Amino acid sequence: MAWLGRFDDFNETHEIIKKSTVPNKFNMNTFKTNTNTNQGHVQVQSRSNFRQKGYCSISNINSNMQTVSVIGIIIGKDGPKAIISKKGGHERHLLTLTVRDAPDAFINVTCWGGQEYIQALSSELSIGAVVEIKDANIQNKSQNASDDKFKPWTPSTCQLNVSDNQGSILLYDANNVSDYAQFLHIPTKANNDFYTLEDIQANGTNLQGEHVNILAAIKKIWPVREILTKTGKKTIKQDIYLCDETCQSFTLTLWGNCTEYVQSWLPMDTVIFAADVRINFNEFRSTMVACTDSKTIITTCPETSEAYSLLEFIKTQNSVFRSGDMDFQGNPGNNDPDIQSISKVLTVKQIKGLLSSLSEECVEYTVIYAFLSQFDIDGEDKNILQNICSKCKKPVYEETSFICGNTNCSGGDFEMFGNTSVNIDYRINVNLSDHTGTLEYCHTPPQIAEQILGIKPKEFQKLPNSQKTNLKWNFLLERVKAVLKMKKLKRGLYLQVLELNKVGAGQLLEHGFSDV
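Nothing here was measured: the structure is a model prediction, and the numbers come from that model.

Undergrad: It is not clear to me how the nonpolar core should be interpreted in this structure. Could you clarify?
TA: As a rule of thumb, soluble globular proteins bury nonpolar side chains together. Among the nonpolar cores identified, the biggest contains 38 residues, and Ile200, Ile214, Leu242, Phe250, Leu254 and Trp265 are the most heavily contacted of them. Elements represented by at least two residues in this core include exactly strand E3 (67-84), helix H4 (197-203), strand E9 (211-221), strand E11 (234-244), strand E12 (247-255), strand E13 (271-282), strand E14 (287-291) and strand E15 (297-300). No fewer than three residues from each of domain 1 (58-183) and domain 2 (197-316) sit in this core. Leaving out residues up to four positions away in the same chain, Trp265 has contacts with Ile218, Ile221, Ile240, Leu254, Thr270, Ile272, Ile298 and Thr300. Of all hydrophobic cores here, the second largest spans 36 residues; its members include Leu355, Leu463, Leu471 and Leu500.

Undergrad: What's the story with the pattern of salt bridges in this structure? I'm lost.
TA: Evaluation of the coordinates by the stated rule reveals eight salt bridges. Close ionic contact of Lys81 with Asp78 constitutes a salt bridge, the shortest N to O distance being 2.8 Å. On the basis of relative accessibility, which here comes to 38%, the residue Lys81 falls in the partly exposed class. Across the pair Glu226 and Lys234 runs a salt bridge whose closest N-O atoms are separated by 4.0 Å. For Lys234, a relative accessible area of 64% translates into the label exposed.

Undergrad: Help me understand the packing of aromatic side chains, please; the structure alone is not making it clear to me.
TA: The description of an aromatic ring pair rests on the distance of the ring centres and on the angle between the ring planes. This structure, assessed with the given rule, holds seven aromatic pairs. Measuring from ring centre to ring centre gives 5.6 Å for Tyr426 and Phe460, while their planes differ by 70°; the resulting arrangement is edge-to-face. Linking Tyr426 in strand E18 (residues 422-426) with Phe460 in helix H9 (residues 457-462), this pair joins segments that are 34 residues apart in sequence. Neither Tyr426 nor Phe460 differs from the other in exposure class; each is buried. Put simply, the rings of Tyr172, Tyr180 and Phe183 pair up and form one aromatic cluster. It is Lys220 that lies over the ring of Trp222; its NZ or CZ is 4.7 Å from the centre. Lys502 extends its terminal NZ or CZ atom over the ring of Phe475, reaching a point 4.9 Å from the ring centre.

What counts as what
- Residues numbered from 1 in each chain as written.
- Predicted model: local features only at pLDDT ≥ 70, side-chain atom pairs only at ≥ 80, totals over all residues.
- Heavy atoms only, no water.
- Core = buried A, V, L, I, M, F, W, Y, C linked by side-chain atoms within 4.5 Å.
- Buried < 20%, exposed > 50% of the residue type's maximum accessible area, 1.4 Å probe, protein only.
- Helix = DSSP H or I, 4+ residues; strand = E, 2+ residues; numbered from the N terminus.
- Domains from an automatic or database assignment.
- Contact = heavy atoms within 4.5 Å.
- Salt bridge = Lys/Arg side-chain N within 4 Å of Asp/Glu carboxyl O.
- Phe/Tyr/Trp six-rings, centres within 6.5 Å; stacked < 30°, edge-to-face > 60°.
- Lys NZ or Arg CZ within 6 Å of the ring centre and 35° of its normal.

And the structure:
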């Protein structure tokens, strides 16, 4: 459900949070801080309880003030960055923090200074740290149009500026420091202001480049990778697979400091509210994906009824989500019936008629007696063999540094082809023909192809083309009995060979195929 932009909705949402006593189902030790609880219920304290002498509440900051001192917890971080000053042409360094001191009060703070100062500040201040900001300059948002475009949304009309010669920002270590931890678990947007993962996929490229909010569970966490940008700068990225009630897998890429959020995440046990993630179409994966940028704020284990409902759902679906979807990507699945029990014999024409009447995702099994009319294993086509993950047997590709893309596999820790976790396997499609027509592109799983050829993929790779041709003619145009698994998918029909053996003319006559 999309938010209509009414800030009253936002305030009402947090009034509900303040008044309600929702069971604390999440681990509130996130970011190594503690939350005050009373009989297992979250208590969101009022702003006045945190006000310290000489410090101002963020909600009271206005443009009539020149400087201000505040205490709050860091909920967002971007940088450090370097920009070229328009006035002097020299390089300036900055770090942007989003600081919160109440459910409905948070503000952006930009720290300016030399490279050494900003780097030291960035190393010391992390997401979840409580800080005291002293004598910060106040700037009205309207004076800087880039605030909304490149910084997180905040309800404040102002932003703060601190530099190495004006104001200061330090870690706060008073006795009440743990009281601020509760603000890490309140979304920065209205609780119902988010897209489901299915909504994002359904909207497709209509959302290209747009910023949206997502409520989802963590399904899989990939290792952090160092990336060299087009401008020659080094940064880090981390892919996360998300899931919700509508979608089993959706990719969120974290860039830079957003990887700090991950330290407390557990697959299938953590829900996040990601505010203002950018949606893009990934051409390599042919799907919509999300990524963080300078506007993004992520709330870990949000204290909302929507998040609780999602967590309960995910726990009921844990075994389903972890089981994967391997059976129609390569090898026969565990749910396939025993080969010997599949006895229904059909012609090509009958199979095509059956497939045209099948409902989507419906599976059928049949036996066909036919000629193997295509068995191209001696050509120069590189797709005859493929690189696979040795753990889950899914394909891996050079374009993605041979990282396994299966969300249910633990094989993502290896990255380079030289690692022994990457194997080679067959990737062969065959055509089956009888007197009624031809079934094209019947997928032959690797172990079935190995049984047919009688040679392992690594040995086959070393054979000269002449020996590959001899192998081909042992089966090409020969009479065969094939057991097929058939499924109607969104992208078309899928035929998988579960068993394939040569047969004599006598067996064909027994089944009435005298014309084959």
